[in-house]
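Residue strings, one per chain:
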Amino acid sequence: MALLALGALTGCGAPPELRDPAGVPTGAGSPTASGPTGVPTGTPSSAPTAPPPTTGSATPDPGLVATACRNGPTGQRVVQLLRGRASVLPDNVGVRVRSGPLCAGDWQYTVLEVTGHEELQVVTQGRPEALELITAGTDVCTIEVRATGPVGIRTLACDAASTLGPGA
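What you see is a predicted model, and the numbers here were worked out from it, not measured in a lab. (Residues numbered from 1 in each chain as written. Predicted model: local features only at pLDDT ≥ 70, side-chain atom pairs only at ≥ 80, totals over all residues. Heavy atoms only, no water.)

A. Quick peek at the side chain of Gln121. Within the secondary structure layout, Gln121 lies in strand β4 (residues 120-125). The buried category is assigned to Gln121, whose relative accessible area is 9%. (Helix = DSSP H or I, 4+ residues; strand = E, 2+ residues; numbered from the N terminus. Buried < 20%, exposed > 50% of the residue type's maximum accessible area, 1.4 Å probe, protein only.)

B. Representation of the sheet that holds strand β1 (residues 67-68) within the structure. Here we have five strands laid out as an open sheet, ordered β1-β2-β3-β4-β5, and antiparallel in their pairing. In the strand order of this sheet, the two ends are held by β1 and β5 (132-137), each with one partner. Two elements, β1 and strand β2 (residues 95-104), share two bridges in a ladder whose sense is antiparallel. Directly across from Thr67, in β2, lies its bridge partner Cys103. Helix-sheet contacts for helix α3 (residues 75-83) involve β2, β3 (107-114), β4 and β5, and the interaxial angle to β2 is about 110 degrees. (Pairing = 2+ DSSP bridges. Contact = heavy atoms within 4.5 Å. Axes fitted to C-alpha atoms, helices over the stretch in contact; angles between N-to-C directions.)

C. Representation of the nonpolar core within the structure. Trp107, Tyr109, Val123, Val145, Ile153 and Ala157 are the most contacted members of the largest nonpolar core, which has 13 residues in total. Where this core is concerned, the elements lending two or more residues are β3 and α5 (151-164). If sequence neighbours within four positions are ignored, Val123 has contacts with Trp107, Gln108, Tyr109, Glu132, Leu133, Ile134, Thr135, Val140, Val145 and Ile153. One finds Val78, Leu89, Val114 and Leu131 within the second-largest nonpolar core, a separate group that totals 11 residues. (Core = buried A, V, L, I, M, F, W, Y, C linked by side-chain atoms within 4.5 Å.)

D. Seen up close, the pairing of β5. With five bridges connecting them, β4 and β5 associate as antiparallel partners. What sits directly across from Thr124, in β5, is Leu133. The turn joining β4 and β5, which pair antiparallel and follow one another in sequence, is formed by six residues; a positive phi near 110 degrees is taken by Gly126.

E. Spotlight on unusual backbone geometry. Note the cis peptide between Gly100 and Pro101, where omega equals -5 degrees. Within the fold, Pro101 resides in strand β2.

F. Inspection of the state of the cysteines at higher detail. Applying the stated criterion across every chain yields a total of two disulfides. Two residues share a disulfide in this structure: Cys69 and Cys103, whose sulfurs sit 1.8 Å from each other. Judged by the torsion about the S-S bond (105 degrees), the Cys69/Cys103 disulfide is right-handed. One end of the pair, Cys69, is in the loop between β1 and α3; the other, Cys103, is in strand β2, with 34 residues separating them in the sequence. Owing to a relative accessible area of 13%, Cys103 belongs among the buried residues under this scheme. With a sulfur-sulfur separation of 2.0 Å, Cys141 is cross-linked through a disulfide to Cys158. On the S-S bond that ties Cys141 to Cys158, the torsion sits near 100 degrees, and the link is right-handed. (Disulfide = S-S within 2.5 Å.)

Here it is as structure tokens:
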């Protein structure tokens, strides 16, 4: 029983940084009579300094807000994707880019006017030369967009439709 109690007491204890009082100045010890030893005693003369500021201005997360694509695909590139590999639009349907593409991160949001049909919202991802269709339709707030899309795209695809109201 005594060994069990002794084992419990020796297994626990102060954390390592508190076990070696010589390595951490406490300011509570009594001064020695000998001359200076090169180790400062008492309160430091200056307050700790903050880390140096980062160079340049802080850049916001590129996915927070969707803005006009500077290096992203053009509206024509999105239409080509829909008419080509994706087979969403037939060649004989008239299409005009109403807005976009707007970029947030490496995702894009485009709205197309399709002759004789409702407007078509399109969510794509990737570089212009390797553009991938995420979804296209009248309601593009899919699980994939909500779960993995950047905030800027989710806002356009999911929040904008709910605020427009009926008939908008």
